[in-house]
Each structure stands twice: as C-alpha cells, then as structure tokens.
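Structural features, examined
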Amino acid sequence: MAGGWNLAGRAGGWSASRWKTAAFGWFALTIGVFAIGSAAGLNALGDSQSGSGETARAESYLRGAGFLSPAAETVLIQSRDGRSLVGRPTFSAAAASLVQTLSGVPALTNIRRPLLSADGRSAIIQFDVRGDADTAATRIQPALDAVAAAQAGNPSFRIEEFGMASASHVIGKTVEHDFAKAEYTSLPITLAILLLAFGALVAALLPVVLGFTAVLGAIGVCVGISYAYPLPEFLSSVILMMGMAVGVDYSLFYLQREREERRRGAEPRVALLTAASTSGRAVLVSGLTVLIAMAGLFLAANPIFTSMGLGTEVVVLLALIGSVTVLPALLHRLGDRVDRGRLPFARRARGQGRFWNAVLRPALARPWLAVLLAGGALLAAAAPTLTMHTKLPSFTDLPHGVPIVQTYERLIRAFPGSPTPAVVVLRARDVRSPAIRAQVAELERRALASGRVRTPVSTRISPDGTVEEIDLPLVGSGDDAASMAGLELLRVTLLPQTVGTLEGVEYATTGVAAATKDFNELMKARLPLIFAFVLGLAFVLLLLTFRSLVVPLTAIVLNLLSVGAAYGMLTLVFQHRFAESLLGFTSNGGVTSWLPMFLFVVLFGLSMDYHVFIVSRIKELVDAGASTEDAVLQGISRTAPSVTSAAAVMVAVFAIFATLSLLQFKQMGFGLAVAIAVDATVVRAVLLPATMKLLGRWNWYLPHWLEWLPRGDAPARPPVPVD
C-alpha cells in the first residue's frame, strides 16, 4: 500500500481496533477539561502586563511599588447651543450636583473641580476609579449611571463620560456581542459548506464535531495555563477561529481520502488504513508545520504574542491528535452509515475532478506564461506593503457611530491631549527629595513651554515615596504624528536634561504613544528572527518529509507570495481607505501593529496544509511510476475537492471575523480570508502545477551528500488489525 504503514497508519489502525477507548476517551477529555476550565475562570492578562520595551519597564516600576495607575475618567459638559459656560447658573448647578453625586460613589476617588476650556464653551470633571486600572471596567457602571442621570436632568447640556475604564467597558460589551455572533454563525456556515462537499449529513458533521471539541479542550487547557501565565480574554476567540479552521481541514482531508478509496472498490478496512497512512501522514506533517510556524510567536518577546502562540499551539495539537486517532475510530464504527442523510444533489460533487482538469490543463500547457502572469499578479498585489504603517489598536478603532468615540472626539477638540497623556514614571530612594522636586518642576515647565504638552499636568507619589507618576497630556490623538513628536521630545531631550541628570533616579515613559512606538520597535527587531526561525524549520521538516531540496524551496517561495499579497491587500484596503464604505469601517491610517507578524505565522502554517497535502499525493503518484506532469494533473485533480472545501470553510470562518466592529479583528479576518482564497486558487491551481511542470524531475532532487536522510514513509511493522 502506498506510503507504507507509517506512524499515522499505525495510529489509525490502533484507534479503529479500539474505537470505544479512542472516541469516548476523546470526548470525556475535551469536554471534561472545558467544564473544569469554565468553572475555574480565566486568569486574565491586564493591559499593564502586555507592554514592550520602555513601556514595560515603566509599568514594572509601578507594579514593584504596588502603585499601578488608577483608571482616569473625564466627564465632558458642553452647552448644546455652543454658548460659553462662564457665568451661567444652570451650568454651575449641574456641575455641582454631578460632583456631589460622584463623590457618593464608593468606587470613585480624587474627584476634581470643573475645569473650563480656553474658549469657555466646554468643561471637564475628572476623577479616578479605585483599585487596579486593569479591572476598573468592572467597577465603572455606577459612574456611568450617575452621568446618565445628570444628562437626563439637564437636557440643555451635553453631559457624557470618557476614560479608559468606560472605554474598556464599552469595548468589552461590543467584543462580547461580536464574538457571540461569530461563534453562533461559524458552526452552521461550516456545516453547510461540508454538506455541499460530502453530500451527506453524517460525513459533514464529523469534521465539525472534532474541530469544535478540539476548541473546547484547548480553551479548558488554556484556562489552566493562565494560572501560571496570565492570558488575554480574547484568546478564546482566536482559539475558536484557528481550531475550527485546522480541525475541519485535517478531518476533511482524511475523510475525503477514505471515501475515495471506497469508491474505487476497496473494502472498508483497507480504505480506512490507506487513508490513515497517506492522508493521515500528510495531516501529521501539515500539523507539525503549523506548530512550527506558531512557535515563532514565542520569539516576539511580548506577552500578547506568547499568549496567541500558546493558544494556537494547544488547539492545533488537539486537532491533530483528534484527526489521526478519533476520526479513524469513528469511521470504523460508522462504516457505511457515514453516508447517511445523503442530499439529493450529492452526485454532482463528483464532477469536480473534471472541472479541475479543465482548470489545470492551461497552466500545464503553458507553464512559463502561467508563472509570469500569476506571479506578476501576486507581486503587484503585494506592492502596497512597501507603504505599510502599523499602530496599536485602541477604542477609537470602534465605529465612529459609537457614542463614546464621539465623546472622545469632542473631548480632544475642546481639551487637546488630555485623555491620552504621556506617563513618566520615576523611581528613586525618595522621590520627595528637594533635588527631584526641583527637576520635576523644571520638566513640567519646559514641557508646557514646548507646545507639545497641554494642561492639566498631574502627579502621584507612591505611599513609600519610591515611585512617582507624572501625567503629561500630549498634543494630538495619542498615537498620531503630533503625539509621537511630543513623546520623542520627552524621551530624547527633556527627561535626560532634567530628572536624568540626578544620580540614583530611574525613569521610563508609558502611555498610548509610548506603547505604540515601543511595540513597533519590537516588531522591527523581532520580525527578521521570526521569519528565519519559521522558514528554516519549515524547510528542514519538508526536506525530511519529501527527501528533496526543491520541494521545500518552492513551497516557501509560493507561500511567501500569498502572504505578501495578503499584506498588500490589507494595506490597500485599511490604510489607504480602499473599500472603506463597502466593509463598513473608518480607517485609522494604519494596520494593527501585531497583525503582520501574526498573519505571517498563521498564513504560512495554514497554506502549508494545502501544499503538503497536494504534494504528498503528487509524490505518491510519482513513486507509483507516473510522470511528473501526469502526477501533477491527477494529484491536484484528486485533492482539489478537499482543498476547495477546506479553503471555503476557512474563508467563511475568517470572513465572519471581518464583519466584527473592532478594526483589529476586522483586519485580521479580512487578511486571513483573502490570503487563503488567493492561496487555494491562484497559488495551488496555477503557480504550483506550472512550477512543478517546469521543474520536472528536478522537483525530487536530493544531492548525494543528503542520501542518509531517513525515509519518512518507509514501511514499519503492520498496524494493529481492525476488528
């Protein structure tokens, strides 16, 4: 039998002969772990724990003194007729009443008197939320209720609240609603696509059930991990997206091969073990490639990327295990019943082979032309990547119709810089010393004189006197060019020339602008290392799998083309505002900072799934004596239904995320959906066959000095017999 009884074949044989142990053990494990995790609850990663570079250092100073910044909130009061508030009794009464109400809320502290804007048309009341800023969103509702009551009692004024806690509260509700919609939508869409692919309800349900149980198990495992290493709350949504994508892919590849063998007349036991030793082996290699790619996230030296790496590694590993053990067990138990619930039009799917023959023949007939046209199109699509600008996401990435975003925009116009200060953190033996106080006063004076910082400047000192926090409101929106210029002035000039001249004083700057700059700098430094790690290990794995130098090189080049095209389209659509109204978003002038690295590792891993699956079938045919051209034509034609269905599932799941409200998730879903669509069509149907036709026997070139490499498909001891 082609491929021999390799590890995947033995796993399939063992699982089929012990189907109760494999199936019930799997469901008990994944559902049980999820139930335990749900009961325990996630130990969430806070915003103050996710910084990079100098931002992380500033937060560490604050945490070291037990002095994390409270969440600062601001109430904006404006007259609806645009008149000045100065000397208006109704304004004074409304403001005094609100201050009194807020003072009675136990969760609030440091409530300040109203501050008028320069033109007198706006006023703000500032206060802090007690306790840790990372959890302040859970305590902000009484303040929001008080502001809402003040607004209802004073209709002639606009009274509304903005701050990190209230913004996080709104974002949390928005994300919860969006992800609930994504979760409820992804399962039926996936099932519908698989129904079209298999033409039978039971066969379509198997990949969905295995993928979803892998997701449940991974979420439960990650909850346990979070008590040793805190993880972000959004990780469960990333696990859902990745788990359904790869889980369905692996099961689909396996199941399609088993059904194909049975259509050829193989008895059920032989068909199952053939699928196990061929498609099962391809699934193992594909899964290992994805695991290698996702491991690259650990090199980013950032808690968010480490968290994403952990979550995706766990769910891919579980999906991989389920596909090569639980799926053969269920297929053995179901037998012919896997085709129950057949749809009336099921036979139409068998015409896909003829369709793909018609698609492939032009690329094989004129391979040079196909490579030039398809390769040129992908390079053109990738060109906008050269202009890519990255920035960290924030609450302003919500749709501008959301009331709190409109409040922020009005607040910025009336009090430029106040909601998004640069936060300077000093650490010394005693920050109350006269020398430090003098230099802090000089820092404030020079910052305000520069025009890059606005009032009000505020400071806080830790109870033990070792740490001081200085809030310097930057001109600008917090992460635009004006704010970045102000940050640069502080870090490069003002701080070194003031507090930096004192011995024994350490300082660092955090805040929105600082976090964006430090994160971007980290990405620039780490991206080449991650590229080298992922590409290098993927090359070695494919070299060992196919015993060829050419196959891994072409795989890497083709996958980089699809990744580059995704980068370019992402930049064109979201940074350069192309199709802004069509996709329903307001551009922030950049691409989410963490997205290029995340997209690279995910897309490289997922596109390798298709490549390994297709090339494994082509190699199988070549080893059986077919010419390279015939093997390419037959191999892609036979695997095309599986690849098409798998890609359709992935594109559908990712496209759901492109409908979410938060811009970062909209960008992620769009980038993944476009890349997978391009990879499954242009790359796999045009570039791959044309390239392999041009290379001919060179596809399988292995120099003599590498002949010692082990044969990954060499026969091993026979699998356990299936009862």
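A quick note: this is a predicted structure, and the numbers were derived from the prediction, not measured.

Let us now look at the overall build of the chain. When helices and strands are counted, the chain shows 22 helices and eleven strands. Taking 2.2 N^0.38 as the reference for a compact globule, 723 residues should give roughly 27 Å; the C-alpha atoms of the chain span a radius of gyration of 29 Å, in line with that estimate. For the C-alpha atoms alone, the extent of the chain along its principal axes is close to 90 × 50 × 45 Å. Out of the 723 residues in the chain, the part that is buried amounts to 56%. For the chain, contacts bridging at least 24 residues in sequence account for 80% of all contacts bridging at least 6. Total accessible area on the chain stands at roughly 28,600 Å², and carbon and sulfur atoms take up 62% of it. Separation of charge centres in the chain, based on 60 positive and 50 negative side chains, amounts to 8 Å.

Turning our attention to a positive patch on the surface. On the surface, a cluster of positive charge is made up of Lys20, Arg333, Arg337 and Arg340. A relative accessible area of 54% means that lysine 20 is categorised as exposed.

Let us look at the packing of helix H1 (residues 7-17) against helix H2 (residues 19-40). In the contact formed by H1 and H2, the axes pass within 4 Å of each other and the chain directions differ by 95°. Classed by the angle they form, the pair H1 and H2 counts as roughly perpendicular. Taking contact as the criterion, the partners of Trp14, Ser15, Ala16 and Ser17 in H1 are, on H2, Trp19, Thr21 and Ala22. By residue class, the composition of the contact of H1 with H2 is four nonpolar, three polar and no charged.

We now examine the sheet that holds strand E8 (residues 458-461). The strand order E8-E9-E7-E10 describes an open sheet built from four strands, whose pairing is antiparallel. Two strands bound the open sheet, and with one partner strand each, they are E8 and strand E10 (506-511). Within the sheet, the average angular offset between the axes of one strand and its neighbour, ignoring direction, is 20°. Of the strand pairs in this sheet, strand E7 (residues 421-427) and E10 are connected by six bridges, and their pairing is antiparallel. Looking at E10, one finds that alanine 422 is bridged to glycine 511. Relative to E10, helix H16 (residues 481-497) is tilted by about 165°, and along the sheet it contacts E7, strand E9 (467-473) and E10.

This paragraph deals with the confidence of the model for the chain. Here the chain averages 84 in pLDDT, while 93% of its residues score no lower than 70. Here residues 713-723 is a poorly scored stretch, pLDDT under 50, and it has 29 contacts once near neighbours within four places are set aside; other chains count.

Of note in the backbone geometry, arginine 547 takes a positive phi value of approximately 50° without being a glycine. Mapping arginine 547 onto the fold places it in the loop between helix H17 (512-546) and helix H18 (550-575). Residue class for arginine 547 comes out buried when judged on its relative accessible area of 12%. Not every positive phi belongs to a glycine, and arginine 577 is a case in point at roughly 65°.

Rules of the game
- Residues numbered from 1 in each chain as written.
- Predicted model: local features only at pLDDT ≥ 70, side-chain atom pairs only at ≥ 80, totals over all residues.
- Heavy atoms only, no water.
- Helix = DSSP H or I, 4+ residues; strand = E, 2+ residues; numbered from the N terminus.
- Rg over C-alpha atoms; globule rule 2.2 N^0.38 Å.
- Buried < 20%, exposed > 50% of the residue type's maximum accessible area, 1.4 Å probe, protein only.
- Contact = heavy atoms within 4.5 Å.
- Areas by Shrake-Rupley, 256 points an atom, 1.4 Å probe, with all protein chains shown as cover.
- Lys, Arg positive; Asp, Glu negative; His and termini not counted.
- Charge placed at Lys NZ, Arg CZ, Asp CG, Glu CD.
- Patch = residues over 30% accessible without salt bridge, like charges linked within 9 Å, V, L, I, M, F, W, Y side chains within 5 Å.
- Salt bridge = Lys/Arg side-chain N within 4 Å of Asp/Glu carboxyl O.
- Axes fitted to C-alpha atoms, helices over the stretch in contact; angles between N-to-C directions.
- Parallel < 35°, antiparallel > 145°, perpendicular 65-115°, else oblique.
- Nonpolar A, V, L, I, M, F, W, Y, C, P; charged D, E, K, R; others polar.
- Pairing = 2+ DSSP bridges.
- pLDDT = per-residue confidence, 0-100.

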